[in-house]
Amino acid sequence: MSISLILLNDTLRWHDNPLLNACEGTKAAVIVLNKAAFFGRQYGLPRANLQRLQQQIVVIAALKNTLAAKHIGLITLVGDTASCISALAGELNASQLYCAEPVGAYEYAAIKSLKQTLNVTQLDCNSLLGDNLRPELATMPNSFTPFRKQQEPLLQVSTPTQKTADENWLSPAHTEAYNSAFIQLSQQYSTHLTADTGSEAAALARLQYYIWQQQHILHYKQTRNQLMGGNYASFFSVPLSLGSLSVRYLWQQIVSFEQQVQANDSTYWLKFELLWREFFRWQFRKYANLWFSKGAIKGRADFSQPQLSKAQLKQFNLWCQGNTGEPFIDANMQLLNQTGLMSNRGRQNVASYLLHNLDIDWRLGAAYFEQRLLDYDCASNWGNWAYIAGTGNSTQRQFNISKQAQMYDPQGAFVNAILLSTLS
Ligand SMILES: Cc1cc2nc3c(=O)[nH]c(=O)nc-3n(C[C@H](O)[C@H](O)[C@H](O)COP(=O)(O)OP(=O)(O)OC[C@H]3O[C@@H](n4cnc5c(N)ncnc54)[C@H](O)[C@@H]3O)c2cc1C
């Protein structure tokens, strides 16, 4: 009997998950917590902090419970994705692997190496365009506006998948024996997590609240540039980055709201921002690991480590700590360090400051954000950093920090709230 492995790494959800319906026959649900992504280093910086690791553990554990309630076991492994899956395939005599089509270069490489021994089927589970509307990568525009104008008229986001009843999953009793490393990791690290904003349940509750109950979506375009608070933006980025919220389901919910309640500039603008996410995803597929080169998609490939003078190293550390002496920058960085999140306006300003005021290699900023952001998403993070640096899909973007502070924090309420709270 041959078993199929269903790798749920990037789709930590039950709703609208095409992988759960991907094949007939006996199958095992698997997740690999990629050790290098959480315990590795890049450019001398840890790739993830404790908060990000804890969030990942909690969200995987939540999915495990959801599946268990439906008598589906979840194998949770810790290590290198390709080696863990190879070893498991050997043990279970599996010959097929189903997984979400990745975006990042590391994940692509892992899947590619598995193709040597397994029959691999990749489904695009986390893009709006999906398998039906795939853009031709070679001719895909490198600027957002032509991409949007090309895609928007065609965009019929496929309806969320419905699960069919299926008794062929390995049960929790079968899979528990494989979970000791993950259980050990959970016991070691997940104890002090406070708020769960990443699990599927939290994401669906947030969607109900933000769109349907409070209808904050109707004011999104006016509030989205604020710096602080609970509802100035959607806060869907965390579950979108984890795959615990389906972007197609989210899109359909916005369209339903527009049809049933009201459509305005703000409801459109939330979809517009989701197209930015979409744009960077396909750009990542187009240029693969070139995104991690010094000149990203513009210069010649140069993967050498960023170099810093002694003075720059000091400035970089002060920027990371939120201690540059520029209050608008410091407040945003301290907010990031405290909460794992920062507004889009804040992100643009701190990036511009690091790159254009301090003249530091953009990849170090991207690496620090990777370590801290609870909504870390490879394409959105590295793509936005390169955008501001001028090495990606734009000429360089430089912000006048004092003008921005004046415009978006005229009374200094944000700066005071963050900097004074840190003092007390
Ligand atoms: C330097 C820099 C780094 C960033 N790193 C990340 C990252 O690692 N992960 C991430 O999800 N976003 C990143 N962004 C984009 C953006 O700042 C966040 O998506 C947004 O602040 C998340 O909050 P929200 O969900 O409330 O967004 P909303 O304003 O409510 O937007 C809704 C959704 O649209 C998408 N979106 C919005 N703006 C952008 C954008 N500029 N690029 C791509 N997608 C967008 C996100 O999926 C977001 O959840 C980065 C932006 C900059 C300037």
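Residues numbered from 1 in each chain as written. Predicted model: local features only at pLDDT ≥ 70, side-chain atom pairs only at ≥ 80, totals over all residues. Heavy atoms only, no water.

**Q** Looking at this structure, how should I read the site of the ligand?
**A** The immediate surroundings of the ligand are formed by 26 residues, with Tyr220, Ser234, Phe235, Asn344 and Asp375 found nearest. The separation between an oxygen atom of the ligand and a polar side-chain atom of Tyr220 is 2.5 Å. One of the side-chain N or O atoms of Glu273 is found 3.1 Å from a nitrogen atom in the ligand. In the complex, 95% of the free accessible area of the ligand, which totals 810 Å², lies under the protein chains. The dominant element in the shell around the ligand, judged by the number of residues it contributes, is helix α12 (residues 265-287), at 6 residues. (Near = heavy atom within 4 Å. Polar contact = N/O pair within 3.5 Å; in protein donor to acceptor, adjacent residues only side chain to side chain. Areas by Shrake-Rupley, 256 points an atom, 1.4 Å probe, with all protein chains shown as cover. Helix = DSSP H or I, 4+ residues; strand = E, 2+ residues; numbered from the N terminus.)

**Q** In this structure, what is going on with the packing of aromatic side chains? I would like to understand it.
**A** Each aromatic ring pair is summarised here by two numbers: the centre-to-centre distance and the angle between the ring planes. One pass over the full model with this rule turns up 26 aromatic pairs. Note on Phe369 and Trp385: the rings are 5.0 Å apart at their centroids and 85° apart in plane angle, and the pair reads as edge-to-face. With Phe369 in helix α16 (residues 362-372) and Trp385 in helix α17 (residues 378-389), the pair connects residues that are 16 residues apart, well separated along the chain. For Trp385, a relative accessible area of 2% corresponds to the buried category. (Phe/Tyr/Trp six-rings, centres within 6.5 Å; stacked < 30°, edge-to-face > 60°. Buried < 20%, exposed > 50% of the residue type's maximum accessible area, 1.4 Å probe, protein only.)

**Q** Got a minute to help me understand unusual backbone geometry in this structure?
**A** Trans is the common state for peptide bonds, and a negative phi is the common state for residues other than glycine. Its identity is not glycine, yet Ala288 carries a phi of approximately 45°, on the positive side. Take Ala288: it is sitting in the loop between α12 and α13 (310-321). By relative accessible area, Ala288 is classed as partly exposed at 33%. One non-glycine residue, Ala296, lies in positive phi territory at about 40°. Structurally, the position occupied by Ala296 is in the loop between α12 and α13.

**Q** In this structure, what is going on with the environment of Leu20? I would like to understand it.
**A** Looking at the secondary structure, you find Leu20 in the loop between β1 (3-7) and β2 (27-34). When the C-alpha atoms of Leu20 and Gln51 are compared, they prove to be 29 Å apart, with 31 residues separating the residues in sequence. Aside from chain neighbours lying at most four places away, what touches Leu20 is Leu8, Arg13, Trp14, Lys163 and Trp169. (Contact = heavy atoms within 4.5 Å.)

**Q** Honestly, the side chain of Asn179 in this entry has me stumped. Any pointers?
**A** Topologically, Asn179 is positioned in the loop between α6 (172-175) and α7 (180-189). Accessibility expressed as a relative area gives 0% for Asn179, which makes it buried. Beyond its immediate sequence surroundings of up to four residues, Asn179 is in contact with Lys64, Leu74, Ile75 and Thr76.

**Q** Just checking my understanding: could you explain the state of the cysteines for this structure?
**A** Here is the idea: a disulfide is a covalent bond, and it sits between the sulfur atoms of two cysteines. Going through the model one piece at a time under the given rule, you end up with 0 disulfides. You can see Cys320 has no disulfide; the closest cysteine sulfur is in Cys378, sitting 19 Å from it. Taking relative accessible area as the criterion, Cys320 reaches 8% and is therefore assigned buried. (Disulfide = S-S within 2.5 Å.)

**Q** Just checking my understanding: could you explain the domain arrangement of the chain for this structure?
**A** Split by domain assignment, the chain resolves into domain 1 (1-125), domain 2 (200-288) and domain 3 (293-423). The centre of domain 1, based on its C-alpha atoms, is set 25 Å off from the matching centre of domain 2. At the interface, 20 residues of domain 1 touch 15 residues of domain 2. Interface of domain 1 and domain 2: buried area, both sides summed, is about 1400 Å²; carbon and sulfur atoms make up 48% of it. Looking at the side of domain 1 facing domain 2, the largest losses of area belong to His15, Val103 and Asp124, adding up to 40% of the total buried there. At the boundary of domain 1 with domain 2, the tally comes to 3 salt bridges. Arg248 is paired through a salt bridge with Asp124; the nearest N and O atoms lie 3.8 Å apart. (Domains from an automatic or database assignment. Buried area = accessible area lost by both parts, 1.4 Å probe. Salt bridge = Lys/Arg side-chain N within 4 Å of Asp/Glu carboxyl O.)

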